[in-house]
Amino acid sequence: MASLPDPITRLISSLGQLPGIGPRSAERLALFLVQSESGQVKQLAESLLEARERIGFCEICGSLTESQPCGLCSDSERETHTLCVVETAVDVINVDKSGAFKGLFHVLGGKISPLNGVEPEDLRIAELESRLKGVEEIILALGTDVEGEATSNYLALRLKDNGVTVSRIAHGLPAGSGLEYADDLTLVHALEGRREVQ
Ligand SMILES: [Zn+2]
C-alpha cells in the first residue's frame with residue numbers, strides 16, 4: 001500500500017475498523033469511494049454523521065432511539081408486566097423483529113466478564129432494579145457463552161427476592177453464541193420455551 005496516496009490509506013484504515021470489514025474489503029471500498037461521484041460520497045458522509053448525531057440510547061431501556069423515551073417504552077400497546085433482558089441494543093431489534101415478545105426490554109450493555117474488567121456495576125443492573133414495579137416476569141435472553149451464562153446466573157440470584165418470576169429463554173440458540181446469530185424462528189422458540197429459574 002506504499003504507493004497509495006495518504007488520504008486513501010487513511011480511508012482504508014478507517015473503514016478497516018468497521019465490524020466485518022477486513023483489509024481487502026476496506027481497500028476495495030476505499031478505492032470505490034474515491035472514484036465515485038462526489039455528490040454520492042457527500043450524501044453517504046452526511047447520512048453517517050446524521051445517524052450518529054441523532055441516535056442515542058433510551059434512558060429507560062437502553063435501546064437505540066431518536067427520541068426519549070424510545071418508541072418501545074412509549075408504546076401503550078406493549079405489556080408492561082414482562083421485561084426481556086438482553087445484552088445489547090441490537091438484541092432488542094432482533095427480538096422485537098421476531099414478534100415473539102410483546103413486553104418491554106432492558107439492555108444490560110454487555111455481560112459480566114472479570115477478565116475484560118466488566119463487573120456487575122458496569123452494567124445497567126441498578127437501572128433494571130429500578131424498573132421492577134409492576135413487573136411480574138423478567139425473561140433473561142442473554143447469550144449462551146460462558147459470560148452470558150454467568151451473567152444470567154448472577155441476575156437470577158440478585159433479582160429473586162423482588163417478588164418477580166425470573167425465567168431464561170430456552171437454549172435452541174446455538175451454544176456459545178449471542179442473539180445476533182439467531183433467526184426469527186429460533187428466537188420465537190427460545191422465548192416460548194423459556195423456563196423459570198429456580
Ligand atoms: Zn426505551
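Residues numbered from 1 in each chain as written. Predicted model: local features only at pLDDT ≥ 70, side-chain atom pairs only at ≥ 80, totals over all residues. Heavy atoms only, no water.

Novice: Provide a residue-level description of the packing of helix α1 (residues 6-15) against helix α2 (residues 23-34), including the pertinent values.
Specialist: Contact geometry for α1 and α2: axes closest at 8 Å, N-to-C directions at 130°. When the axis of α1 is compared with that of α2, the two are oblique. For the pair α1 and α2, the crossing hand works out as right-handed. Side by side, α1 and α2 meet where Ile8, Leu11, Ile12 and Leu15 of the first sit next to Ala26, Glu27, Leu29, Ala30, Leu31, Leu33 and Val34 of the second. Counted by class, the contact of α1 with α2 contains 10 nonpolar, no polar and 1 charged residues. (Axes fitted to C-alpha atoms, helices over the stretch in contact; angles between N-to-C directions. Helix = DSSP H or I, 4+ residues; strand = E, 2+ residues; numbered from the N terminus. Parallel < 35°, antiparallel > 145°, perpendicular 65-115°, else oblique. Left-handed = near helix turned anticlockwise from the far one by under 90°. Contact = heavy atoms within 4.5 Å. Nonpolar A, V, L, I, M, F, W, Y, C, P; charged D, E, K, R; others polar.)

Novice: Summarise the pattern of salt bridges; cite the residues concerned and give the values.
Specialist: Following the criterion strictly, the structure yields 10 salt bridges and no others. Between Glu66 and Arg54 there is a salt bridge, with the nearest N and O atoms lying 2.4 Å from each other. One end of the pair, Glu66, is in the loop between β2 (64-65) and β3 (79-86); the other, Arg54, is in helix α3 (residues 38-54), and 12 residues separate them in sequence. Note that Arg78 and Asp96 form a salt bridge whose closest N and O atoms lie 3.1 Å from each other. (Salt bridge = Lys/Arg side-chain N within 4 Å of Asp/Glu carboxyl O.)

Novice: Summarise the coordination of the zinc ion; cite the residues concerned and give the values.
Specialist: Of the protein atoms, only Cys58 (SG), Cys61 (SG), Cys70 (SG) and Cys73 (SG) coordinate the zinc ion, at distances of 2.3 Å. Between the 4 donor atoms coordinating the zinc ion, the angles at the centre fall across 104 to 114°, so the site counts as tetrahedral. (Donors = N, O, S within 2.8 Å, 3.2 Å for Na, K, Ca; no water. Tetrahedral: all angles 85-135°; square planar, octahedral: opposite > 155°, others 65-115°.)

Novice: Lay out the nonpolar core with the relevant residues and their values.
Specialist: What tends to happen in soluble globular proteins is that the nonpolar side chains get buried as a cluster. The biggest cluster of nonpolar side chains holds 20 residues, and the ones touching the most others in it are Val86, Val95, Phe101, Phe105, Ile169 and Leu179. Of all the elements in the fold, those that place two or more residues in this core are β3, α4 (89-98), β4 (103-107) and α7 (184-192). Sorting elements by how many residues they give to this core places α7 first, with 3 residues. Beyond its immediate sequence surroundings of up to four residues, Val95 is in contact with Val86, Ala100, Phe101, Phe105, Leu179, Leu187 and Leu191. Grouped together as the second largest cluster of nonpolar side chains are 18 residues, Leu123, Ile125, Leu132 and Val135 included. (Core = buried A, V, L, I, M, F, W, Y, C linked by side-chain atoms within 4.5 Å. Buried < 20%, exposed > 50% of the residue type's maximum accessible area, 1.4 Å probe, protein only.)

Novice: Break down the side chain of Ser152 for me, with residues and values.
Specialist: Among the structural elements, Ser152 can be located in helix α6 (residues 146-159). When near neighbours in sequence (up to four residues on either side) are disregarded, Ser152 contacts Leu140, Leu142 and Arg168.

Novice: If you had to explain the packing of α4 against α7 to someone new, which residues and values would you point to?
Specialist: Where α4 contacts α7, the axes come no closer than 8 Å and their chain directions differ by 85°. Our classification of the angle between α4 and α7 gives roughly perpendicular. Touching Asn94, Val95, Lys97 and Ser98 of α4 are Asp184, Leu187, Val188 and Leu191, all from α7. Taken together, the residues that form the contact of α4 with α7 break down as 4 nonpolar, 2 polar and 2 charged.

Novice: Any chance you could break down the environment of His81 for me, citing the residues and the numbers?
Specialist: Assignment of secondary structure puts His81 in strand β3. In this structure, the C-alpha to C-alpha distance between His81 and Glu136, residues 55 residues apart in sequence, is 5.1 Å. Here His81 is in contact with Gly134, Val135, Glu136 and Glu137, once residues within four sequence places are set aside.

Novice: Got a sec to walk through the packing of aromatic side chains? Specific residues and values, please.
Specialist: Using the criterion set out here, one finds 1 aromatic pair in the structure. Judged by centre distance (5.2 Å) and plane angle (70°), the ring pair of Phe101 and Phe105 falls under edge-to-face. With relative accessibility at 5%, the residue Phe101 sits in the buried group. The class of Phe105 is buried, set by a relative accessible area of 1%. (Phe/Tyr/Trp six-rings, centres within 6.5 Å; stacked < 30°, edge-to-face > 60°.)

Novice: Explain unusual backbone geometry residue by residue, including any values.
Specialist: The omega angle of the peptide bond from Gln68 to Pro69 is -15°, so this bond is cis rather than trans. Tracing the sequence through the fold places Pro69 in the loop between β2 and β3.

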